[in-house]
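So the chains spell out like this:
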Amino acid sequence: VYGWQRKRTDPAAPRELIPDLAAIPWARRRVYVVYDSDLADKPEVRLAEWHLAETLGAAGADVRAVRLPPNPGGAKAGLDDFLLARGPDALRLVLD
């Protein structure tokens with residue numbers, strides 16, 4: 001969940017995007033951060049989401065956190081699972 005950031009030797013140092021992500025012009029770009037549906041049960045993943053949103057926001061992005069519903073029966077759903085089960089129109093509704 002922290003694969004987006006450069007390794008830090010000092011935990012107090014600011015978080016920085018990896019070079020591939022830092023090269024993207026983030027100013028005024030709308031970004032949807034979409035973690036798996038079990039985010040609700042994992043405070044450490046919610047914190048990673050917050051750090052990513054904060055870092056992208058500091059780069060000028062318009063960041064939106066998206067909450068995916070679980071799969072039928074309560075099973076965890078990732079973005080790929082959600083798209084396969086429900087399709088792009090259902091994703092557009094969640095993004096709205």
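Residues numbered from 1 in each chain as written. Predicted model: local features only at pLDDT ≥ 70, side-chain atom pairs only at ≥ 80, totals over all residues. Heavy atoms only, no water.

Moving on: the overall build of the chain. Looking only at helices and strands, the chain features 4 helices and 2 strands. The order of α-helices and β-strands along the chain, N terminus first, is α-β-α-β-α-α. When the backbone C-alpha atoms are referred to their principal axes, the chain occupies close to 40 × 30 × 20 Å. The buried share of the chain, reckoned over its 96 residues, is 28%. Total accessible area computed for the chain in this model is approximately 6,400 Å², and 55% of it derives from carbon and sulfur atoms. (Helix = DSSP H or I, 4+ residues; strand = E, 2+ residues; numbered from the N terminus. Buried < 20%, exposed > 50% of the residue type's maximum accessible area, 1.4 Å probe, protein only. Areas by Shrake-Rupley, 256 points an atom, 1.4 Å probe, with all protein chains shown as cover.)

Quick look at the confidence of the model for the chain now. On average, residues of the chain carry a pLDDT of 94, and 100% of them reach 70 or more. The least confident element of the chain, judged by mean pLDDT, is helix H3 (residues 79–86) at 92; the most confident is helix H1 (residues 19–22) at 98. (pLDDT = per-residue confidence, 0-100.)

Let's shift gears to the packing of aromatic side chains. On inspection of all chains with the given rule, the structure shows 1 aromatic pair. Aromatic pair Tyr2 and Trp4: ring centres 6.1 Å apart, planes at 35 degrees, arrangement tilted. Of note, Arg29 hangs over the ring of Trp26, and the distance from its end group to the ring centre comes to 5.9 Å. (Phe/Tyr/Trp six-rings, centres within 6.5 Å; stacked < 30°, edge-to-face > 60°. Lys NZ or Arg CZ within 6 Å of the ring centre and 35° of its normal.)

Take helix H2 (residues 43–58) next. Here H2 spans 22 Å end to end across 16 residues, near enough to the 22 Å set by a 1.5 Å rise per residue. Taken together, the buried positions of H2 are occupied by Val45, Ala48, Glu49, His51, Leu52, Thr55 and Leu56. Axial view of H2: buried residues confined to an arc of 160 degrees, hence all on one face. If you follow the buried residues of H2, they end up packed against strand E1 (30–34) and strand E2 (62–66). Following H2 by one or two positions, Gly60 has its phi on the positive side, about 105 degrees. (Expected span 1.5 Å × (residues − 1). Arc of directions from axis to C-beta. Contact = heavy atoms within 4.5 Å.)

With a phi angle near 65 degrees, Arg28 is a residue other than glycine that sits in the positive phi range. Within the secondary structure layout, Arg28 lies in the loop between H1 and E1.

Let's shift gears to the pattern of salt bridges. Enumeration according to the criterion identifies 6 salt bridges in this entry. Here Arg67 ties to Glu49 by a salt bridge, and the two come within 2.6 Å at their closest N and O atoms. A residue pair is termed long-range when its members are at least 10 positions apart, and Arg67 in the loop between E2 and H3 and Glu49 in helix H2 qualify at 18 residues. Relative accessible area serves as the criterion here: at 47%, Arg67 is assigned to the partly exposed category. The salt bridge involving Arg64 is made with Asp62; its shortest N-O contact spans 3.0 Å. Relative accessible area serves as the criterion here: at 33%, Arg64 is assigned to the partly exposed category. With a relative accessible area of 27%, Asp62 lands in the partly exposed category. Overlapping salt bridges bring together Arg30, Asp62 and Arg64 as one network. (Salt bridge = Lys/Arg side-chain N within 4 Å of Asp/Glu carboxyl O.)

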